[in-house]
Amino acid sequence: QVQLVESGGGLVEAEGSLRLSCAASGRTFITSIMGWFRQASGKEREFVAAIIWSGGSTAYADSVKGRFTISRDIAKNTVYLQMNSLKPEDTAVYYCASKRAGLVYSQDYDYWGQGTPVTVSS
């Protein structure tokens, strides 16, 4: 089992920034891919970004490329999502997830956090 706990969400004005954190615990050695997803009210959950735990390779959804940055701190078993130039359409609950292998943007992750809400006001 892997436990994931997100933090850092909140209310921010448009063009502002937030940094989300996802702390992993438990059998973290089975984790190869860490991802961030989001779900806006009334919409389906969508891929935001992912990082390969060992090598650090990253992937982003087109909608956040150039504005969001995913990173990890191996010593702290923590993944971050730095979000800059936020837009009202970024408003959603953001979820951290982990899995052993597979396509980074596919939602078949094994473990999920409880989510942290982000609200961007115009």
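Structure: see above.
No experiment lies behind these values; they were computed from the predicted model shown.

Draft legend 1. Region of interest: the state of the cysteines. Going through the model one piece at a time under the given rule, you end up with 1 disulfide. There is a disulfide in this structure between Cys22 and Cys96, and the S-S distance comes to 2.0 Å. Its S-S torsion of about -75 degrees marks the bond between Cys22 and Cys96 as left-handed, since a negative value means left-handed. Of the two residues, Cys22 is situated in strand β3 (residues 18-26) and Cys96 in strand β9 (residues 92-99); the sequence distance between them amounts to 74 residues. You can call Cys22 buried: its relative accessible area is 0%. Note on Cys96: relative accessible area 0%, which makes it buried.

Draft legend 2. Layout of the environment of Ala61. Within the secondary structure, Ala61 is located in the loop between β6 (58-60) and β7 (68-73). A relative accessible area of 12% means that Ala61 is categorised as buried. Along the primary structure Ala61 and Arg72 are separated by 11 residues, whereas in three dimensions their C-alpha atoms are 18 Å apart. Discounting residues that sit within four places of it in the chain, Ala61 has contacts with Phe47 and Val48.

Draft legend 3. Broad picture of the environment of Val118. Tracing the backbone shows Val118 in strand β11 (residues 116-121). Val118 gets classed as buried once you look at its relative accessible area, which sits at 1%. As for Val118 and Ala40, which are separated by 78 residues in sequence, their C-alpha atoms are 9.5 Å apart. Apart from the residues within four sequence positions on either side, Val118 is in contact with Gly9, Gly10, Leu18, Leu20, Met83, Asp90, Thr91, Ala92 and Tyr94.

Draft legend 4. Expanded view of the packing of aromatic side chains. All chains considered together, the criterion is met by 4 aromatic pairs. Relative to Phe47, the ring of Phe37 lies with its centre 5.7 Å away and its plane at 75 degrees, an arrangement referred to as edge-to-face. Of the two residues, Phe37 is situated in strand β4 (residues 33-39) and Phe47 in strand β5 (residues 46-52); the sequence distance between them amounts to 10 residues. Here Phe37 and Trp112 contribute two aromatic rings whose centre-to-centre distance is 5.1 Å and whose plane-to-plane angle is 55 degrees, an arrangement assigned as tilted. On the criterion of sequence distance, the pair formed by Phe37 in strand β4 and Trp112 in strand β10 (residues 111-112) is long-range, its members being 75 residues apart. Accessibility expressed as a relative area gives 26% for Trp112, which makes it partly exposed. Three or more aromatic residues link up through ring pairs in this structure, and these residues are Phe37, Phe47, Tyr109 and Trp112. In this structure, Arg45 is placed above the aromatic ring of Trp112, and the distance from its NZ or CZ to the ring centre is 3.8 Å.

Reading the values: the criteria
Residues numbered from 1 in each chain as written. Predicted model: local features only at pLDDT ≥ 70, side-chain atom pairs only at ≥ 80, totals over all residues. Heavy atoms only, no water. Disulfide = S-S within 2.5 Å. Helix = DSSP H or I, 4+ residues; strand = E, 2+ residues; numbered from the N terminus. Buried < 20%, exposed > 50% of the residue type's maximum accessible area, 1.4 Å probe, protein only. Contact = heavy atoms within 4.5 Å. Phe/Tyr/Trp six-rings, centres within 6.5 Å; stacked < 30°, edge-to-face > 60°. Lys NZ or Arg CZ within 6 Å of the ring centre and 35° of its normal.

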